[in-house]
Every structure is written in structure tokens, then in C-alpha cells.
Amino acid sequence: MKGENIMTSGQKLNGVEDQTPAHGSLSNLSRLLASENSASDVLALLIELDDTPLRDLLGLPNSRSYTAARELSTGFGRIDLVVFDAEDEHPVAVLEMKGASSLHGDQLDRYVEWVDTLDVRPKLYLCSFDIDEAEASADWGRIRLRDIFASWEASSNAHAAWLSREIVRVLSEWDLEADGVLGQRAGYYVPDIVTKRMAREVSAELSALPGITSAIALRDNGGSPMILAWAAHPRDMDDFSVAVGVDLRSPVRRSGSTVWKLRAMVEVDPVTGVRGRVEARRLAFNLASDLRTSMSGTAVRAELRACGMDKVADSLSSGKRDGFRRDPSGFDFDAWRGKITDGVKYPGGGVFGSDGGLRLSTIHDLDTRMLTRHDIVDAVVAVVGFLRESRNS
């Protein structure tokens with residue numbers, strides 16, 4: 001209902017007491033904002049209640065009215081939200097929403113292909129928690145989710161204004177928690193924000209190293225946010241199919257744990273015409289065996305202290321086997337290597353944790369009760385660099 005004055009909880013509208021919850025009581029709002037689908041639904045609702053803030057936000061003519069369509073099927077994929085001119089029904093803006101999730105493949109490029117088929121090109125906007133979540137694009141403008149929803153805080157529609165303020169409160173809390181001590185975070189989706197920020201920051205710092213490096217944020221098979229950070233193995237710094245790195249995983253969301261898993265790893269990819277899966281597994285085992293001393297918890301903590309990261313080193317524990325699945329001191333590496341052969345079931349990683357035999361690691365507990373993401377970013381970069389510079393055991 002447009003044109004109404006902003007109310008606070010408990011005021012009356014047309015003689016009926018407002019039943020909206022008091023500030024801070026929407027415990028499930030986070031779930032709506034974390035999903036791109038439900039966040040798009042909420043934005044479409046705000047536009048339906050009052051399209052004036054949308055005009056100001058996107059620079060659309062004030063003389064026109066606008067509607068929002070969700071999950072528009074284009075033949076090039078389903079777009080989260082398309083804004084149409086209510087009178088001539090032409091699309092004037094495309095908004096791709098990203099909350100806790102990340103971009104998938106070439107979806108932005110595919111949407112541009114659809115836009116190029118239209119007579120009049122609409123404006124394109126990637127709407128994400130952080131402005132730098134994707135590489136710069138000449139086609140797509142960037143808007144922070146908080147800035148989008150904040151546009152309705154002063155809406156003349158009481159319901160839109162109240163909902164906007166609650167959304168901005170939640171997003172602001174996420175932002176503060178992601179920059180604070182990780183062990184004190186309360187937001188269910190804060191680890192998603194943290195890992196995406198970590199991946200960008202780690203990737204930027206690793207780029208100073210010679211050779212090919214990378215870091216990405218993703219989720220493990222259980223849905224917990226994680227990052228992978230790699231540097232090409234020194235055997236060939238231009239061959240990224242063989243790498244050393246860190247696999248860092250957040251705890252199960254509802255566990256209440258502050259302990260993340262840090263894995264010092266070697267990874268080898270099968271490459272068509274170069275090496276098959278069995279050969280990749282064998283090479284991964286050989287390289288991890290060579291680096292096993294440096295992959296131990298003792299060596300990792302020593303390197304962190306040498307880099308002035310005592311707080312992180314004190315927060316890292318590795319169990320009675322120093323991060324290994326089995327005691328490496330009495331392990332027959334040559335005999336195990338002989339078991340990794342064609343026609344024989346893969347025997348496992350031996351002393352190492354194994355992801356299909358292609359990524360072998362030692363596994364350590366990192367208690368984040370006293371750590372910020374900045375502490376962890378520095379530690380991840382240090383460990384990747386240490387593994388890359390380490391010599392054979």
C-alpha cells in the first residue's frame with residue numbers, strides 16, 4: 001500500500017494494531033537472505049510494495065512504474081529477477097542475486113547472450129554480499145546486497161520500510177562477524193562470507209609467488225564452507241596439475257564448534273595424454289611422501305612461529321600422530337607405493353588423509369576462538385609457501 005507513513009511496532013493502521021515483530025526477533029530471516037532464490041523473492045516483494053526506491057537505486061525514469069518477475073526462463077538459463085516497465089512490458093533491468101552462494105560457471109555470460117537478443121538492452125547488475133565477489137565485467141554493474149535492501153528503509157510503505165530495516169540489520173551483523181573473531185560468530189551463514197573473503201585475499205597474496213597459484217571458496221560434501229589454496233609444485237611451476245597447498249574447512253554449521261580443519265596437502269590431477277588416474281595417484285603418494293616432514297603438525301607450527309604467527313601456532317593441534325592417519329615412523333612407504341597399480345583396488349592414502357587418492361594430506365585442528373579471518377589468511381599463505389619451498393624428506 002503506497003503512500004503510507006512509516007510505523008513502528010505497536011502503532012495502529014486504520015484502527016488495527018500493527019502486529020509486526022519487534023526489532024531483532026526474526027530468527028529465520030537469515031535463511032531467506034542466504035538463498036539467492038528466497039532473497040530474490042523478498043526483493044520482488046519490496047518492489048511490489050513500493051517501486052520508488054528501485055527507480056532511485058537503478059536510475060530508472062520516475063515517470064514510469066515497474067514490476068519484477070522471478071526466475072525468468074530465457075533459453076539461456078533462469079534469471080533471478082528481471083524488472084519490467086509496467087506499461088510497455090519491456091525489461092529494463094536484470095538482477096542476479098548472490099547471498100551465501102557463489103557464481104556457477106558461465107552463467108553471467110549466458111545471460112548477456114540473452115540480453116543481446118533484445119531490441120532494447122536492459123541494465124545488468126550482479127548483487128552480492130561483497131562488491132568484489134566476481135571479476136570485473138564491462139557488462140555487469142555491481143551492487144552490494146546491503147545497499148539494495150537499504151534503499152527501502154525510508155520507503156513510504158510501512159511494511160516495506162520495516163522489512164528493509166530488519167534485512168539491513170541482519171546483513172550488517174554478518175559483515176561485522178565476518179571481520180571479527182571467528183570463534184564468536186553467531187550467524188549461520190557467516191562462514192560462507194568468511195571463506196569467500198579468505199579465498200580472494202589468499203589468492204591476491206599468493207599471486208606474489210612465482211609460478212601458478214590460486215585459491216577458491218566452495219562447500220564440502222556436507223555443505224560446510226571451505227577454501228582450497230594451491231601453488232604449483234616446484235618440480236614445474238607452470239604445471240598447475242601438480243600442486244601443494246592448504247585445504248581449510250569450517251565446522252558443521254549446527255555443531256557449535258570453533259574448530260576448523262586445516263589440511264596440508266599435495267594434489268595431482270589426471271591429464272589426458274599425460275597421466276591417468278592410477279599414475280596421478282602414484283605421483284601424489286610419491287610427492288606427499290617426499291614432503292611428509294614438512295606436512296607434519298610440528299613443522300607447520302614451527303613455520304608459523306618463524307613467521308611471527310604465534311597465536312595461530314598455539315591454536316593449531318595435530319593429535320598424537322602429528323596430523324598423520326598412521327604413525328609414519330614405522331610405515332613402509334615403498335611397499336605401499338607398490339600397491340598403487342593398474343587393475344588393483346586403490347589401497348588408500350596410507351599415512352595420509354585421502355580424497356580419491358589425488359589429494360593427500362595431513363589433518364590438523366585449528367581452534368578459531370581467538371582468531372580472525374586475517375590471522376588465518378596469513379597462516380594459509382605461509383603454509384602454502386612453506387610447502388612449496390620445502391625440500392624432500
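Residues numbered from 1 in each chain as written. Predicted model: local features only at pLDDT ≥ 70, side-chain atom pairs only at ≥ 80, totals over all residues. Heavy atoms only, no water.

This next bit is on empty space enclosed by the protein. Scanning the model with the defined rule gives two cavities of 30 Å³ or more in all. Along its surface, the largest cavity is lined by F129, D130, R144, R146, L171, S172, D175 and R197. With three residues, the single largest contributor to the lining of the largest cavity is helix α6 (residues 158-179). Considering only residue class, the lining of the largest cavity consists of two nonpolar, one polar and five charged. (1 Å grid on protein atoms, 1.4 Å probe; cavity = no way out; pocket = protein on both sides within 12 Å on 5 of 7 lines; lining within 4 Å. Points joined across faces, edges and corners; volume = space filled by probe spheres on them. Helix = DSSP H or I, 4+ residues; strand = E, 2+ residues; numbered from the N terminus. Nonpolar A, V, L, I, M, F, W, Y, C, P; charged D, E, K, R; others polar.)

This part is about the confidence of the model for the protein chain. For the protein chain, per-residue confidence averages 87 on the pLDDT scale, and residues scoring 70 or more make up 90% of the total. For residues 1-25, every residue scores under 50 in pLDDT, and the model assigns this stretch 50 contacts once sequence neighbours within four places are set aside. (pLDDT = per-residue confidence, 0-100. Contact = heavy atoms within 4.5 Å.)

Here the focus is the sheet that holds strand β7 (residues 141-144). Across the sheet, five strands lie side by side as β3-β4-β5-β6-β7; this open sheet has mixed pairing. A strand with exactly one partner marks an edge of an open sheet, and here the two such strands are β3 (66-73) and β7. Ignoring which end each strand starts from, the neighbouring axes of this sheet average 30° apart. Two elements, β3 and strand β4 (residues 78-85), share seven bridges in a ladder whose sense is antiparallel. By the bridge assignment, L72 is partnered in β4 with I79. Contacts from helix α2 (residues 36-49) reach β3, β4 and β5 (91-98) within the one sheet, and its direction differs from that of β3 by about 160°. Each of β3, β4, β5 and β6 (123-128) touches helix α4 (residues 107-115); the most contacted strand, β5, lies at about 170° to it. (Pairing = 2+ DSSP bridges. Axes fitted to C-alpha atoms, helices over the stretch in contact; angles between N-to-C directions.)

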